[in-house]
Structures are given as C-alpha cells and as structure tokens.
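One-letter residues, chain by chain:
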Amino acid sequence: MCGIVGYVGSQPAWPIVLEGLQRLEYRGYDSAGIAVLDRLGNLRLRKTVGKVDGLTQGDEADYPDGTIGLGHTRWATHGPPTDANAHPHTGCHRHIAVVHNGIVENYLDLKQDLQKRGHIFSSETDTEVIAHLIEEGMGDGLEFAEAFRRMGRCVEGSQAIAAVCQDEPDRLCALRVGHAGGIVVAHRDGQGIIGSDLPAALPILRQRPGPVGYLESGEMAQVSRQGVQFFDLDGQELAKEMRTVFPQDALVDRGGYRHFMLKEVMEQPQVVASALRGRVNFDGGRVEFPDFPFTDEQISAFRRVVLTGCGTSLNAAQVGRYLVEQFAGLPAEVESSSEYRYREPFLDSETLVVAITQSGETADTIAAMQNAGECGARLVAICNAEESQAARLADGVLLMGSGMEIGVASTKTFTASLTVLLLLAIYLGQARGMLNSQERLQLITDLARCPRLIGEMLADVSEYRKLAQKFSGYNGFLYLGRGINSAIAQEGALKLKEVSYIHAEGYPAGEMKHGPIALIDRNMATLALAPRDRLYDKMVGNIKEVMARRGKVLAILTEGDNELVNEVDEVLFIPPAPDHLNPLLAAIPLQLLAYYIALDRGCDVDQPRNLAKSVTVE
C-alpha cells in the first residue's frame, strides 16, 4: 500500500512533498524518494532505503529546489528495497519521473516489448515500464498528457500513477485504473496537491477549508497552477464535482465515504496488493519472507500447525487450516484463543502456533501465545501493528500492512489475514518440498489477480442497496457454506450481528439437517455460499432443502452459473476463481450486505453498541 504525493504551485515543493510522505508513511516504509523539477528545468531525484526521514540526511543546501515535484513511500512488490528500486522511476532520458501504487500484471510482456525497441531498464520493478511507456509515447510525437493517458490504457491490473515531465514543467498528471489505491486531488490559491490519502493535502488545507476531488477508476487529472482538469482515458473532459474539506477532515479521513467501514471495504483491493508486496517473486515463482524466523530445515521438522484467534481472526484461522493442510501438507487445528488459554494442550518444538490478531493486543490471544511459548511451541503472529505485544511475544511476525482500520467491525484486516495465511501456507509447502515451481507460480499468479477481481466487484454497489431494503426486516439469518467456505459463512453472520444487531448464525451446510433446519420458514432468511467448487453439488442439495421448506434464500454464486439462478430468491455473483481463493472473494459481498442492511436499519456501523475495536481485557 504505497504512498504517493505530488505538488505544483508557487512554494518550494521539497518540504511540502516531504511532509505529505511523512503523513502517508503508514502505507509503506521500506524505501522513499522525491523528484523535483528545479529552477533550471532539470529533474533532480533523491532516494533512500528505509523510512522517509532518510531523505533528510545530509546538507539542506543539497535538497532539490523547485516548485513542482513528486514523492513516494514504498512497500516492495517487484524487487527488494534498494536505491535502484525506490520510486520515483525515470525512463532512458531521465526527463520523466513516475510514482506508482499497484501491480502491473502484464509488466513482463511490456518490458520485453520495450527492450526490443531499445529501452534500457535500471531497476527490478514493474513500475519502471510505466516511465518507458510514457517516454515511448512522447517519442511517437504525443504530448506528455496524451502519452500518459495512452500508458494508462496499456497497463493491466489496478493502478494509481502520477508523473511529471521536464519538457512540460507546469503540470502533474495522475490517473487511477481499477481499485489498487485512491488518488485525491486538492487545489487552492494557485497550488495543487495529489495524494494517496487526504492527509497528504493538509499543507494547502491547513488554514481553511478547500475543494477536493477523488479519482474513480478510469479517470485522469491534470493539475497545474491554474487549476485541475479531469478526463477519462479516452480524453473526454469530465465535469467532476469537488467537495469541500475542512482541515480536521484531513487528519482523520473517510475518503469521501459516509462511514469508515465502507471506506475500509473499498480499500481491500489495495490491501490484498499490500499484503503481497515484497513477498512474492514472480520470476522465480516463490514466496519470500525475508525475516521469517525458521529455516527450511526447521520448517521440515514441524509435525503440525495450530492456528488461534478471536472473532474475525478465528474465522480467518478456520480458512487458514484448509490452506495449510492443502499446500503445506501439515496437519492443522484451529483453536479459539479465549478457550485455548485455559487448556493444557500438548505442544512442543515441533508445533508451529500461528496467532492472528489485527491489533496485536487482544488479551485472550496474547494469553494463548504466552501459554504456547511456555510449552515450547514455535510462534508466528499475523497482525497489523508492528510494535504490538503479539509482535514482541512471537518468534516472528507477518504484518498485514493494511493501514489503520477504524471501523470496529473488521473488514480489510480480514482479507489481509486471508492473504497472509495463503502466502504462509505456500511458504511452508515450498520449504517442505510439497510444491514445485510451476505450482507455486500458478498459486501466486492467481493470488495477484485478486486485487483487480475485488476491485471489479466493488465498482458497483447499487445491488446491495436494493437487497438491503428487501432483507433488513428479517430478524433471523442462517448463513451456510461447505468446506473452506463454511468459515466465510460464520464470518458473514458475525458481520451482520455486529453492525445490524440481527441474530445470525453461520453453519457448515451439512450440519443444517442436524438441528438448524427446524428454524427454517418464510420468516427466516438463508444466505447460501455456493461458488462453483468441488462441493457445489452438495451445496445445491442443501439449498433445495431450504427452498422446500419455504425459506427465503439469497445465494452467492460464481458468474456464469445458470443452474441456481432461477431456483433461489436472490443472487449475488463473485468472479470465477480457484477453490482456495473463493473465501477471499466471497467475503466482499457479505461485508457489503451487512453494511447496507445496518444502514437501512439506522444502526451505527462504525461504532456498534457494546463493541470495541481492540479487546484488551478478558
């Protein structure tokens, strides 16, 4: 989840861009860089490996001096954190500077084609192809803005991109394709700022309110001292509505959304991409955890894996069990931390305990970790807080990297947990020799498609508003799923309970006939997870059992499934995907449905009654 900042105006660009990067550093901090067009019209770059403050080392007299510039703070995807791989990136002639958030899915094809045309690359990143594509366009006679726009039509995947060009030193260009990350644009008094999040715009919003616009997918902005123009990627100018933002909004920002929960749901494409950064090697078909605390030999000695967590993290652990068994070839168990802490489990050095806690401070999970450590088990924590107690207790920590989650009901940290768990399962299987290079490459390639697929699912939420009106009057919900999706049924029911106060239960669908079927009638709503997977036929049978008892059924189906469309009452679709990725995709409609039902019922979705974001007491 990289951070992007750009400035054009009458003030020195360097301190403004630097401040913006410092405010966005939570989005990435393995390297940073700033490019400024100086007063002689030359493009000057300054980069550092590590945190943003590294840019300030040295004599202030050496800082680039100009009134237009770009900055970037990075979480690596392609290539390790080095000066060469840090953004901004340039082309062959160093007259274009580019910063980027996202993954260019077709970068290898683009790079090979550009190399055939004589372009020379100096980094290992996918981002560098963007600078060369713009350079190629200008070499074909296009103006900077048109070359930038053409580049946006060439790259595949979800992207947020900004660039400057020394040949046209009066403007910044920015675009968004898909949902890899936002771009906010602010302009006032001859000064313009673009950024990944609203806090980057604080330098021109600090004194009084100002107008701000947000780029949607397929939109581009040209920002100059005179103002902002918005276009689509075909070059048609857009009459985009700006909204007034107050200084305090730039400190805690809902990004133009009504609630933090909805904002955080919409951030999930970039959250999944962030969880992948620096951890996948597409060229070698490998998952890489540089700071993982155990060697391949130690991993091969593990005899089982225990996953533990509370609430949403417990549901993520249930999915993780399937992934570890399937890809690592290890027996796996799931334990509720609140119960596990009072058990006397058999644990030893051949047991890997994986604790999942978004805050890293959940009291029950911390106690379970302490118990496991005292028993001699190996400990890995998956959390969203680097300096948390869980991170200190564990032998090693795998950070979610999803940024601060403010909504009490976990959404983006759930998908981040699922992503990290899949990477961990592949990593364990890789170390144990369970997966060959082709299998690993296929797994990480499929996973890398998920930010784009989730972004496409989030592009239109109007159907959820309609369904919420139909289902918000029910006082009971049954969520059903099979296999790996049974945990998603439980998570969907938990979300509905948390934010709408509707009683909802998640069950493995095969258990329905062992009791819950007694509840089904016309007043009970059933949500059935029925993607096209190996248990699809079993799920069809369960759905028909509900329909035969006059139950109301809303089904989550795979796009193109025509068998059940006319059987059930309502349908939501997810894109086709391998079975093990269905949980990651199916979680999205369940989150949106819970949000809009709660909204229709007048509930406080960001701060539901009786709940707290981090449960730090027993």
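Residue positions are given per chain, counted from 1 along the sequence in the order it is written. Given that this is a predicted model, residues contribute local features only at a pLDDT of at least 70 and side-chain atom pairs are listed and counted only at 80 or more, while totals for whole chains, interfaces and linings are drawn from all residues. Think of the side-chain values as coming from all heavy atoms in the structure, minus any hydrogens and water.

## Some thoughts on the overall build of the protein
Regarding its fold elements, the protein presents 19 helices and 27 strands. Based on C-alpha atoms, the radius of gyration is set beside the globule rule, defined as 2.2 Å times the residue count to the power 0.38. For 618 residues, the compact-globule estimate of 2.2 N^0.38 gives 25 Å, and the protein sits close to it at 25 Å. Overall size of the protein, expressed as C-alpha extent along the three principal axes, is 75 × 55 × 50 Å. Per-residue accessibility takes into account occlusion by the displayed protein chains alone, with areas from the Shrake-Rupley method and a 1.4 Å probe. If you sum the accessible surface of the protein, you get close to 23,200 Å²; carbon and sulfur atoms cover 45% of it. When the 59 basic and 80 acidic side-chain charges of the protein are each reduced to a single mean position, those positions are 3 Å apart. A helix here means a DSSP run of H or I that spans at least four residues, while a strand means a run of E at least two residues long, and both kinds are numbered starting from the N terminus. In this tally, Lys and Arg are treated as positive and Asp and Glu as negative; His is ignored, and so are the chain termini. Where a charge lies is defined by one atom per residue type, namely NZ (Lys), CZ (Arg), CG (Asp) and CD (Glu).

## Some details on the domain arrangement of the protein
What fixes the domain bounds is an automatic or database domain assignment. Along its sequence, the protein is organised into domain 1 (3-250), domain 2 (260-457) and domain 3 (461-601). Here the C-alpha centre of domain 3 lies 26 Å away from the C-alpha centre of domain 2. Domain 2 puts 30 residues into the contact, and the matching count from domain 3 is 28 residues. Two parts lose some accessible area (1.4 Å probe) when they are put together, and adding that loss for both gives the buried area. Of the roughly 2,500 Å² buried at the junction of domain 2 and domain 3 (both faces included), carbon and sulfur atoms supply 77%. Basic side-chain nitrogens of Lys or Arg form a salt bridge, by our definition, when they fall within 4 Å of a carboxyl oxygen of Asp or Glu. Between domain 2 and domain 3 we count 0 salt bridges in total. Each polar contact in these results corresponds to two N or O atoms within 3.5 Å; when the atoms are within protein, one needs to be able to donate a hydrogen and the other to accept it, and residues that are neighboring in sequence are counted only if both atoms are side-chain atoms. The interface formed by domain 2 and domain 3 contains 7 residue pairs in polar contact (both at pLDDT 80 or more). If you list the elements that add at least two residues to the side of domain 2 that touches domain 3, you get α6 (260-266), α9 (312-328), α13 (412-431), α14 (437-448) and α15 (450-458). When residues of the side of domain 2 that touches domain 3 are assigned to their parent elements, the largest contribution, 8 residues, is made by α9. Here, two residues are considered to be in contact whenever any of their heavy atoms come within 4.5 Å of each other.

## Side note on the sheet that holds strand β15 (residues 243-245)
Sheet strands line up and pair through hydrogen bonds in the backbone, either parallel or antiparallel. Pairing between strands is defined by DSSP: at least two bridges between them are needed. In spatial order, the strands read β3-β2-β4-β1-β10-β9-β11-β15; together these 8 strands make up an open sheet with antiparallel pairing. Single-partner strands in this sheet number two, and they are β3 (43-49) and β15. Strand-to-strand, the axes of this sheet are offset by a mean angle of 20 degrees, without reference to chain direction. Both strand β2 (residues 31-37) and β3 contribute to a ladder of 7 bridges, which runs antiparallel. Its bridge partner being in β3, Ile-34 is matched across the sheet by Arg-46. Note on method: axes are straight lines fitted to C-alpha atoms, helices fitted across the in-contact stretch only, with angles between N-to-C directions ranging 0 to 180 degrees. On top of the sheet, helix α1 (residues 13-23) reaches β1 (3-8), β2, β3, β4 (68-74) and β10 (191-195); it is set at about 25 degrees to β4, its chief contact.

## Observations concerning the side chain of Thr-312
Checked against the element boundaries, Thr-312 lands in helix α9. Of the polar contacts made by the side chain of Thr-312, one reaches the side chain of Glu-491; its length is 3.1 Å. Every residue in contact with Thr-312, bar those within four places of it in the chain, is listed here: Ser-410, Phe-414, Glu-491, Leu-494 and Lys-495.

## Here we look at the pairing of strand β25 (residues 525-530)
Here's how the labels work: a residue is buried when its accessible area is under 20% of the maximum for its type, exposed when over 50%, partly exposed in between, all with a 1.4 Å probe on protein chains only. Within β25, 6 of the 6 residues are buried, which leaves it mostly tucked inside the rest of the structure. Neither face of β25 is open: one carries Ala-525, Leu-527 and Leu-529, the other Thr-526, Ala-528 and Ala-530, and all of them are buried. The pairing of strand β23 (residues 476-481) with β25 spans 4 bridges and is parallel. Looking at the pairing, Phe-477 lines up with Ala-525 of β25. Across 6 bridges, the pairing between β25 and strand β26 (residues 552-558) is parallel. Following the sheet pairing, Thr-526 is matched in β26 by Val-553. Handedness is read with the strands pointing away from the viewer; a crossover is right-handed when the path from the first strand over the helix to the second is clockwise. Remark: the β25/helix α18 (residues 536-548)/β26 crossover connection has right-handed handedness.

## With respect to the pattern of salt bridges
Counted according to the given criterion, the structure contains 24 salt bridges. Between Arg-150 and Asp-140 there is a salt bridge, with the nearest N and O atoms lying 3.0 Å from each other. With Arg-150 in helix α4 (residues 144-154) and Asp-140 in the loop between α3 (128-139) and α4, this residue pair connects regions lying 10 residues apart in the sequence. Residue Arg-150 is classed as partly exposed on the basis of its relative accessible area of 26%. One salt bridge connects Arg-149 with Glu-146, and the closest N-O pair in it is separated by 2.4 Å.

## Thoughts on α18
Counted at 1.5 Å a residue, the expected span for α18 with its 13 residues is 18 Å, and the 18 Å between its end C-alpha atoms agrees. Within the span of α18, buried status applies to Tyr-536, Met-539, Val-540, Asn-542, Ile-543 and Val-546. Mapping the buried residues of α18 onto a view down its axis gives an arc of 165 degrees, with all of them on the same face. Structural note: α18 exposes Asp-537, Lys-538 and Ala-548 on the side pointing more than 90 degrees away from its buried face. Buried positions along α18 lie against β23, β25 and β26. Just downstream of α18 lies Arg-550, where phi reads positive at about 65 degrees. Each helix should span, by expectation, one fewer than its residue count multiplied by 1.5 Å. Read the arc as the range of directions from the helix axis to the C-beta atoms.

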